[in-house]
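Understanding the architecture of this molecule
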Amino acid sequence: MQDYLKKYEVTIRTKGPIYIGSGKNIGKKEYYFDENNNKVYLFNFEKMFKGIINKNLDKKYQEYMFNAKAKMDLGEFFKKNGIGIMDIKNWSEYSIDASNIYNLKEFKFKGINTFIKESGNKNYIPGSSLKGAIRTALIVDGIVNNYKDFIKIGDKILSESKNSKKVGININEIENRILRTIGRKNTDKKDAVNDIMSCIKVSDSQIIPNEYMTLCQRMDMDVDGNITQLPIYYECIKPGVDIKTTITIDTSITDDINIEKIKKSIKTYSERIDSDFISYFNDTEQCNINTLFLGGYSGFPSKTIVYPLLQSDGLGFIEQILHNSFRKHNHLKDGERYNVSPRKIKVAEYGSTSRSGIYEMGKIEIDFKKI
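Overview of the structure. No experiment lies behind these values; they were computed from the predicted model shown. (Residues numbered from 1 in each chain as written. Predicted model: local features only at pLDDT ≥ 70, side-chain atom pairs only at ≥ 80, totals over all residues. Heavy atoms only, no water.)

1. Some details on the overall build of the protein chain
Of regular secondary structure, the protein chain possesses 12 helices and 16 strands. Across the 371 residues that make up the protein chain, the buried fraction comes to 50%. Considering only residue pairs separated by 6 or more positions, the protein chain has 73% of its internal contacts joining residues 24 or more positions apart. Accessible area for the protein chain stands at about 18600 Å²; split by element, carbon and sulfur atoms hold 46% of it. Positive and negative side-chain charges in the protein chain, numbering 58 and 48 respectively, have mean positions lying 4 Å apart. (Helix = DSSP H or I, 4+ residues; strand = E, 2+ residues; numbered from the N terminus. Buried < 20%, exposed > 50% of the residue type's maximum accessible area, 1.4 Å probe, protein only. Contact = heavy atoms within 4.5 Å. Areas by Shrake-Rupley, 256 points an atom, 1.4 Å probe, with all protein chains shown as cover. Lys, Arg positive; Asp, Glu negative; His and termini not counted. Charge placed at Lys NZ, Arg CZ, Asp CG, Glu CD.)

2. Observations regarding the pattern of salt bridges
Summed over the entire model, instances satisfying the criterion amount to 19 salt bridges. One salt bridge connects Asp 242 with Arg 13, and the closest N-O pair in it is separated by 3.0 Å. On the criterion of sequence distance, the pair formed by Asp 242 in strand S12 (residues 242-250) and Arg 13 in strand S1 (residues 5-14) is long-range, its members being 229 residues apart. Overall, Asp 242 belongs to the partly exposed group, its relative accessible area being 39%. A salt bridge links Glu 173 to Arg 177, with the shortest nitrogen-to-oxygen separation between them at 3.2 Å. Of the two residues, Glu 173 and Arg 177 are both situated in helix H8 (residues 164-179); the distance of four residues between them amounts to about one turn of the helix. Connected via shared salt-bridge partners are Arg 13, Asp 242 and Asp 367. (Salt bridge = Lys/Arg side-chain N within 4 Å of Asp/Glu carboxyl O.)

3. A short note on the sheet that holds strand S16 (residues 363-370)
Read across the sheet, five strands follow the order S9-S12-S1-S16-S13 without closing on themselves; strand pairing throughout is antiparallel. Strand pairing shows two members of the sheet lacking a second neighbour, strand S9 (200-202) and strand S13 (291-293), which therefore form its edges. The mean angle between the axes of side-by-side strands here comes to 35°, regardless of whether they run parallel or antiparallel. Packing of helix H6 (residues 127-145) onto the sheet brings it into contact with S1, S9, S12, S13 and S16, and relative to S13 it is tilted by some 120°. In the packing of helix H9 (residues 259-276) onto the sheet, contacts are made with S1, S9, S12, S13 and S16, and the angle to S13 comes to roughly 75°. (Pairing = 2+ DSSP bridges. Axes fitted to C-alpha atoms, helices over the stretch in contact; angles between N-to-C directions.)

4. Remarks on the nonpolar core
Formed by 83 residues in total, the largest nonpolar core has its most connected members in Val 40, Phe 107, Leu 130, Ile 237, Ile 247, Ile 262 and Leu 292. By residue number, the principal contributor to this core is H6, which donates eight residues. Residues within four places of Ile 247 in sequence aside, it is in contact with Lys 6, Lys 7, Tyr 8, Val 10, Ile 134, Ile 200, Lys 201, Val 202, Ile 262 and Phe 368. In this structure, Tyr 41, Leu 57, Tyr 64 and Ala 70 belong to the second largest nonpolar core, which totals 15 residues. (Core = buried A, V, L, I, M, F, W, Y, C linked by side-chain atoms within 4.5 Å.)

5. Thoughts on H8
In this model H8 runs 22 Å from its N-terminal to its C-terminal C-alpha over 16 residues, within 8% of the 22 Å that 1.5 Å per residue would give. What H8 keeps buried is the set Val 167, Asn 170, Ile 171, Ile 174, Glu 175, Asn 176, Ile 178 and Leu 179. Taken together, the buried residues of H8 touch H6, helix H7 (151-159), helix H10 (306-310) and helix H11 (314-325). With a side-chain oxygen lying 3.2 Å from the backbone nitrogen of Lys 165, the N-terminal cap of H8 falls on Asn 163. (Expected span 1.5 Å × (residues − 1). Polar contact = N/O pair within 3.5 Å; in protein donor to acceptor, adjacent residues only side chain to side chain.)

Structural data, given as structure tokens:
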């Protein structure tokens, strides 16, 4: 490898369930829930349909599938027609742990949002997901350490809080100032070719075996620790899993990016997201200095630069933005009542029916080792 290409092994340690969606939802008639063993089986439909034909059940199966008013899930159809667990295992593509699903009656009639996979149903974390989280950390660090440079643009964002388009333009301007610093010849400084992120390549992670996956239900937790369960279910990586990937930094293009800057930025991000937001919620753990948030349903911590940018005015700004989108939820009272906005954090339950099993969605810790 050329000397200017610096390669590092990255360890992602999941501190909460991680969901990165495939865009696919498996409906109630497409999976089997084994309540006795707390597993969900997802099928190879070619195998399953051949098996159903061999049992002379194809007509009944088609009637069931096309009956939009059918009240039974696939498990009930199987049981009614004498299809046993060995058939189900033979027809399945894979199975996934479902020990965190407690409201069985509700779950059996809901779909499952699946995790992103390579061919062969192999779970992985895309490099783009981790790269996006690092990008957010670099922006937060750039704002915190050069705050005076952004006061005027912050004032513009505050004055235009009711115009989401103008807010977006100004935030893009901040991102351009922090990240688009390469200055290639014969280009506009705002062009993507001048983005320091172009010097960073993050590989897709190693394959994550299904034994490290679980089903979770989406939950919102307020500042007092009260939880609202939502009828949304998804495949997640379990908490407490170490996943390997690599990051390569091309240092021949610019001196503005290196591994020490990335580590420093993640530390800044960890400290600010904890002090500005997460610390206001009961039953959450303090962020370590190598914390990021990754994937879907991780909510506010995964993307915000508002609190570092607007400081004490950030709370009122977030209230207004949320009010613009969700007028019935009375977000303009968040600061008065809770001292933070948004007033809920995304969580999921894993490994326990007690509150000790509540984890923040998308929370990871990250370490780098030079190769």
